[in-house]
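Here are the chains, one letter per residue:
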Amino acid sequence: MIIIILRMAELEALIMVVETKWFGTIDISEDKIITFDMGIMGFEDYKKFTIIYDSERDNGREVVWLQSVDDKNFALPVMNPDIVYKGYDPVVEDELLTSIGDDILNAPLMVFVTLTVGQDIKKMTCNLKAPIIINADTRKGCQLIADNDEYPVKYPIYDIISAASKKGGE
């Protein structure tokens, strides 16, 4: 009986309750926390995040959210850049990626771009210049500036997403 209680206590210690402004109270396990040692540009004080997505709409075209664990009011919309820019391949110095792991060439990396959505959704853009890169093994992330000149900070994506949604619904 004591063994079961200890195991349940250990399990509860691995689950964290996070209050969020947009998603209410969520339970996340420690292995779903992503650490950004340098924070995110403009939000350097926020170091711990989790990814929130709608599992019912997991069609690869949706926006996911990088929710701060440090501040319930901060959730950043992000998406896979390949959805809006085929062949996206940001060039960054390898040494800048050392903060997220030692063997970057063989690491399972996830790349996201941040979204800006104003009052007029048709003016939605993504930032191709400053991708967020996450190492799934180490659960460490960073945001970098791509050396690619062709990647703008404000890349219009509304028409691309609308066309893809219509095509996917056929």
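Residues numbered from 1 in each chain as written. Predicted model: local features only at pLDDT ≥ 70, side-chain atom pairs only at ≥ 80, totals over all residues. Heavy atoms only, no water.

Participant: Residue-level account of the overall build of the protein chain, with values.
Facilitator: Broken down by element type, the protein chain carries two helices and 11 strands. Listed by position from the N terminus, the elements making up the protein chain come as α-β-β-β-β-β-β-β-β-β-β-β-α. Split into buried and exposed, the 170 residues of the protein chain put 37% on the buried side. Contacts in the protein chain between residues far apart in sequence, at least 24 positions, make up 55% of those at least 6 positions apart. Accessible surface, the protein chain as shown: approximately 10,900 Å² in total, 54% of it carbon and sulfur. (Helix = DSSP H or I, 4+ residues; strand = E, 2+ residues; numbered from the N terminus. Buried < 20%, exposed > 50% of the residue type's maximum accessible area, 1.4 Å probe, protein only. Contact = heavy atoms within 4.5 Å. Areas by Shrake-Rupley, 256 points an atom, 1.4 Å probe, with all protein chains shown as cover.)

Participant: Which residues make up a negative patch on the surface, and what are the values?
Facilitator: A contiguous patch of negative charge on the surface is contributed by E93, D94, E95, D147, D149 and E150. Checked against the element boundaries, E95 lands in the loop between β6 (75-79) and β7 (109-116). For E95, a relative accessible area of 59% corresponds to the exposed category. (Patch = residues over 30% accessible without salt bridge, like charges linked within 9 Å, V, L, I, M, F, W, Y side chains within 5 Å. Salt bridge = Lys/Arg side-chain N within 4 Å of Asp/Glu carboxyl O. Lys, Arg positive; Asp, Glu negative; His and termini not counted. Charge placed at Lys NZ, Arg CZ, Asp CG, Glu CD.)

Participant: I'd like to hear about the packing of aromatic side chains, residue by residue, with values.
Facilitator: Counting across every chain of the model gives 10 aromatic pairs. Seen in terms of ring centroids, F43 and Y46 are 6.2 Å apart; in terms of plane orientation they differ by 15°. Their pairing is stacked. Considering the side-chain rings of Y88 and Y151, the 4.7 Å spacing of their centres and the 35° angle between planes classify their relative orientation as tilted. One end of the pair, Y88, is in the loop between β6 and β7; the other, Y151, is in the loop between β10 (140-143) and β11 (155-156), and 63 residues separate them in sequence. (Phe/Tyr/Trp six-rings, centres within 6.5 Å; stacked < 30°, edge-to-face > 60°.)

Participant: Describe the nonpolar core, listing the residues and the values that go with them.
Facilitator: A general feature of soluble globular proteins is that nonpolar side chains tend to end up buried together. In terms of nonpolar packing, the biggest core is built from 13 residues, with M79, V84, V113, C126, L128, I157 and I161 touching the most fellow members. Not counting residues within four places of it along the chain, the set of residues in contact with I157 comprises M79, V84, L115, M124, T125 and C126. Core analysis: the next-biggest nonpolar cluster, separate from the first, contains 12 residues, I34, L66, F74 and I134 among them. (Core = buried A, V, L, I, M, F, W, Y, C linked by side-chain atoms within 4.5 Å.)

Participant: A description of the confidence of the model for the protein chain should follow, citing residues and the corresponding values.
Facilitator: The predicted model of the protein chain averages 85 in pLDDT, with 85% of residues at 70 or higher. Per-element confidence in the protein chain ranges from a low mean pLDDT of 48 for helix α1 (residues 2-14) to a high of 97 for strand β8 (residues 125-126). Ignoring residues within four places in sequence, the model shows residues 1-13, a span with pLDDT below 50, making one contact including any to other chains. (pLDDT = per-residue confidence, 0-100.)

Participant: Lay out the layout of surface pockets with the relevant residues and their values.
Facilitator: Of the voids in this model, the largest pocket is the one considered here, and its volume is about 470 Å³. Considering the residues around the largest pocket, the lining is formed by 20 residues, among which I51, Y53, V64, M110 and F112 are closest to the centre. When residues of the lining of the largest pocket are traced back to their parent elements, those giving at least two are β4 (48-52) and β7. Per-element accounting of the lining of the largest pocket gives the leading share, three residues, to β7. Its residues assigned to classes, the lining of the largest pocket comprises 12 nonpolar, three polar and five charged. (1 Å grid on protein atoms, 1.4 Å probe; cavity = no way out; pocket = protein on both sides within 12 Å on 5 of 7 lines; lining within 4 Å. Points joined across faces, edges and corners; volume = space filled by probe spheres on them. Nonpolar A, V, L, I, M, F, W, Y, C, P; charged D, E, K, R; others polar.)

Participant: Give a detailed account of the pairing of β4, specifying residues and quantitative values.
Facilitator: By the bridge criterion, two bridges tie strand β3 (residues 34-35) to β4 in an arrangement that is antiparallel. Bridge pairing in β4 places I34 opposite F49. (Pairing = 2+ DSSP bridges.)

Participant: Account for the environment of A130, with residues named and values stated.
Facilitator: By the secondary structure assignment, A130 is in the loop between β8 and β9 (132-135). Along the chain, A130 and M41 lie 89 residues apart, while their C-alpha atoms are 8.8 Å from each other. Not counting chain neighbours up to four residues away, the residues in contact with A130 comprise M41, Q143, L144 and I145.

Participant: Got a sec to walk through unusual backbone geometry? Specific residues and values, please.
Facilitator: Phi at R139 is positive, roughly 55°, even though this residue is not glycine. By secondary structure assignment, the location of R139 is in the loop between β9 and β10.

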